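Fold and contact review
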Amino acid sequence: MTTATAKTVNNRERETLGEFFLRAPAVGPALALVVAVLVFSFATDTFFDLDNLSTVVQQSLVVGTLALGQTLIILIAGIDLSNASSMVVATLVMAKLAAVTNVFFALIAGVVLTVVVGLFIGTLATRIKLPAFIITLGTFTGLTAVAKLIAGGQAVPVSDGLLTWLGTKRYLFGGIPITYGMTLALLMFLAVWYALTKTAWGKHVYAVGNAPESARLSGIKVNRTVLSVYLVAGLCFGIAAWQALGRTPNADPNQFQLGNLDSITAVVLGGTSLFGGRGSVLGTLFGALVVAVLRSGLTQMGVDGNYQDLATGALLIAAVVVDRIARRQQQS
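All of the points below concern the structure found in this document. (Residues numbered from 1 in each chain as written. Predicted model: local features only at pLDDT ≥ 70, side-chain atom pairs only at ≥ 80, totals over all residues. Heavy atoms only, no water.)

**A closer look at the pairing of strand β3 (residues 176-179)**
- Only one face of β3 is covered, namely the one carrying Pro-177 and Thr-179; the face carrying Ile-176 and Ile-178 has none of its residues buried.
- In this structure, strand β2 (residues 169-172) lies alongside β3, joined through 4 bridges in antiparallel fashion. By the bridge assignment, Tyr-171 is partnered in β3 with Pro-177. (Buried < 20%, exposed > 50% of the residue type's maximum accessible area, 1.4 Å probe, protein only. Helix = DSSP H or I, 4+ residues; strand = E, 2+ residues; numbered from the N terminus. Pairing = 2+ DSSP bridges.)

Here it is, written out as structure tokens:
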């Protein structure tokens, strides 16, 4: 009798631990980030350096901002394969317009473009009920071609201060290098975190991702919620374009060719379920940093870029497998 009681207690403890990780999906990527930083700090002599760590964070800004919008979309069980191509087209529009008109107008035009793309995708997803994968795959292909047509095969340099302002570097406490882009990214993550956790809209996003039909029956306007998610994500992608110009003052149609996959990797590594309804922006932040740390660390170790892509792909598959196992345990 005592043995049976002990087994029951142990099972309850194991279930509680599993439920803890399901409730706190950011714990896993946070631990992975710590491990990655420690490994590369011992493997190289230059990784654990303030300037290098600052560079790693700067490198994660664009993918992190793309991943922020992607998080919202995946939370409703959608996906966006066109986010990076939309961002690249926006950088080209900003650069081209800045050369012939007011630079502030150029910046706004680029952001409006990505929001319009989000409106287009959201409308097809809600009105015609097309799968998000198909819509965004077609949009990705079309925008990639548009980017090359706008650029004419050449990168467009950007010299205006406003478009590159987010790359301006300052030193915190006299020694820690930060940029305005870092501050903006942090504010964006905080704003989306607040919206998801403290507002009715955030509850609706999770509800739609968990069970759209149940959400509809409970009075939630599912189509309106889905469309709003794509619009907010489009805004994030437009700001990511501004981040990209701050990082590299050139609008290049060949940049961020794997940005869509990197953003999905960051989201999934961050603990957001590809099946919707579970995840957090804090996890996405850690996931984006893991991707940046992995690429930076492997580069400093002299690992070929192709093997870096292979490692990133392996991480993505592993994260999806873990998510699938967690889902099954939750349902059983």
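More follows now that the structure is in view.
**Comments concerning the pattern of salt bridges**
- Considering all chains together, one arrives at 3 salt bridges under this definition.
- Residues Arg-216 and Glu-213 are paired through a salt bridge, measuring 2.4 Å at the closest nitrogen-oxygen approach. In this pair, Arg-216 and Glu-213 are both assigned in helix α10 (residues 212-217), 3 residues apart and thus about one turn of the helix distant.
- Exposure remark for Glu-213: the relative accessible area of 44% places this residue in the partly exposed category.
- Residue Arg-295 is joined to Asp-262 by a salt bridge in which the shortest nitrogen-to-oxygen separation is 3.3 Å. Here Arg-295, found in helix α13 (residues 281-300), pairs with Asp-262, found in helix α12 (residues 259-269); they are 33 residues apart in sequence, far enough to count as distant.
- Using a relative accessible area of 11% as the deciding quantity, one classes Asp-262 as buried.
- One salt-bridge network, in which partners are shared between bridges, spans Asp-262, Arg-295 and Asp-309. (Salt bridge = Lys/Arg side-chain N within 4 Å of Asp/Glu carboxyl O.)

**Re the packing of helix α5 (residues 103-128) against helix α11 (residues 222-247)**
- Viewed as axis vectors pointing N to C, α5 and α11 meet at an angle of 150°, and their least axial separation amounts to 7 Å. Here α5 lies roughly antiparallel to α11, going by the angle between them. Of the two possible hands of crossing, α5 and α11 adopt the one that is right-handed. Every residue of α11 that contacts α5 at Leu-107, Val-111, Thr-114, Val-115, Gly-118, Leu-119, Ile-121, Gly-122, Thr-123 and Thr-126 is listed here: Asn-223, Val-226, Leu-227, Tyr-230, Leu-231, Gly-234, Leu-235, Phe-237, Gly-238 and Trp-242.
- Here the residues of the contact of α5 with α11 sort into 12 nonpolar, 8 polar and no charged. (Axes fitted to C-alpha atoms, helices over the stretch in contact; angles between N-to-C directions. Parallel < 35°, antiparallel > 145°, perpendicular 65-115°, else oblique. Left-handed = near helix turned anticlockwise from the far one by under 90°. Contact = heavy atoms within 4.5 Å. Nonpolar A, V, L, I, M, F, W, Y, C, P; charged D, E, K, R; others polar.)

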